[in-house]
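Chain and residue survey
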Amino acid sequence: MNTIVTLDGVTKRYGKLTALENATLTLGAGEAVALVGHNGAGKTTLMKLVLGLIRPNGGTVRVLEKDPAGRKGAQLRRRLGFLPESVAFHSAMTGEELLGFYARLKRAPHSANKALLHQVGLAEATHRRVGTYSKGMRQRLALAQALIGTPDILLLDEPTSGLDPASRAQVYATIDRLRASGATILVSTHALAEIEPHVDRAILLHQGRIIAAGDLASLRKNARLPTRIRLKVAPCSTEKILTSLHSDISLLHRSADRLDLAVAQTHKLDLLLELAALRDMIEDLHVEEPGLEALYHHLMSEVPA
Ligand SMILES: Nc1ncnc2c1ncn2[C@@H]1O[C@H](COP(=O)(O)OP(=O)(O)OP(=O)(O)O)[C@@H](O)[C@H]1O
């Protein structure tokens, strides 16, 4: 996979505050990566460094092999799309006029603007003043702005914040489509469970430091969080099932016809084999792997204070 973005030992300080410390990461072509961390962890700072809007105090940032804060930065930024965390548009302009304005700044053709507005669900509001848009509509207009010029790299800073479920689904569908078309996407978010199916990897930031990075499977492996197995069983069979199991399990919940078990990743298959042998008593089985949210809380709890 071609490397599109590289941060090598990057530190960014604002006065005495270190917003990002010794960050090293790469983003490959066509990868969608979630950037997660608490408020003030350094997510926006990292995006601004990739955009070349700020310079690092140490280390190097390379985007498409160039320094984004260097002489060719403006030219490079035409290949980048950025959805900032908070957007402020001129309220007297219409959606169409605004996109036209940003397309001129980006030296991109205006011909795609109508399709972009349609894509983010603003076809009906094209000729309305932005001052009459709801917060969700303004957020979707900001997304359309980020997509101008079919960027190779998209930096989306909390793109679903303040959106209703239907609008959030629209944003995720856009991310999926861009990912499929080969764009590189870095998306910062607090909606961990929602973003999970739409990204290849996650980078976890804590107080300016990258504390973990990888795909879900490798994060799970390193965190060693147990798998949860939910069973719907025949009435009055829970005791018999539990005494028949030899795998090392923890019982999380038990009722007349339900059993919730936790098992280490390494013993998961052994337990499933044992359960298969008891299938006459088992009506249904659901395997639940720890998601990004559980991994995030676990990894954060392990960071030394
Ligand atoms: N221009 C600035 N001047 C001084 N401090 C700043 C500046 N920009 C950011 N910071 C500080 O740097 C730290 C990281 O901020 P940043 O905006 O990168 O965090 P974030 O992870 O994006 O947070 P959030 O989830 O709240 O958006 C914070 O402590 C913030 O107050």
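Since this is a predicted model, take the numbers as computed values, not measurements.

Right, let's get into the site of the ligand. Taken together, 14 residues sit near the ligand, with Gly-40, Gly-42, Lys-43, Thr-44 and Thr-45 positioned nearest. At 2.7 Å, a backbone N or O of Gly-40 approaches an oxygen atom of the ligand. Protein contacts shield 63% of the accessible area of the ligand, which totals 640 Å² for the unbound molecule. Counting only elements with at least two residues in the shell around the ligand, the list comes to β2 (17-28) and α1 (43-51). The element contributing the most residues to the shell around the ligand is α1, with 3 residues. The class makeup of the residues in the shell around the ligand is 4 nonpolar, 7 polar and 3 charged.

How big an interface is tends to be stated in terms of the accessible area lost upon association of its parts. Along its sequence, the chain is organised into domain 1 (3-79 + 151-221), domain 2 (88-147) and domain 3 (226-289). Spacing between the C-alpha centres of domain 2 and domain 3 amounts to 53 Å.

Cross-referencing UniProt, the feature "domain: ABC transporter" (unreviewed entry) maps to residues 5-232 in the present numbering. With 32% helix and 29% strand, residues 5-232 has its two end C-alpha atoms placed 47 Å apart.

Cut-off values and rules
Residues numbered from 1 in each chain as written. Predicted model: local features only at pLDDT ≥ 70, side-chain atom pairs only at ≥ 80, totals over all residues. Heavy atoms only, no water. Near = heavy atom within 4 Å. Polar contact = N/O pair within 3.5 Å; in protein donor to acceptor, adjacent residues only side chain to side chain. Areas by Shrake-Rupley, 256 points an atom, 1.4 Å probe, with all protein chains shown as cover. Helix = DSSP H or I, 4+ residues; strand = E, 2+ residues; numbered from the N terminus. Nonpolar A, V, L, I, M, F, W, Y, C, P; charged D, E, K, R; others polar. Domains from an automatic or database assignment. UniProt positions renumbered as here; feature names shortened; annotations may be inferred.

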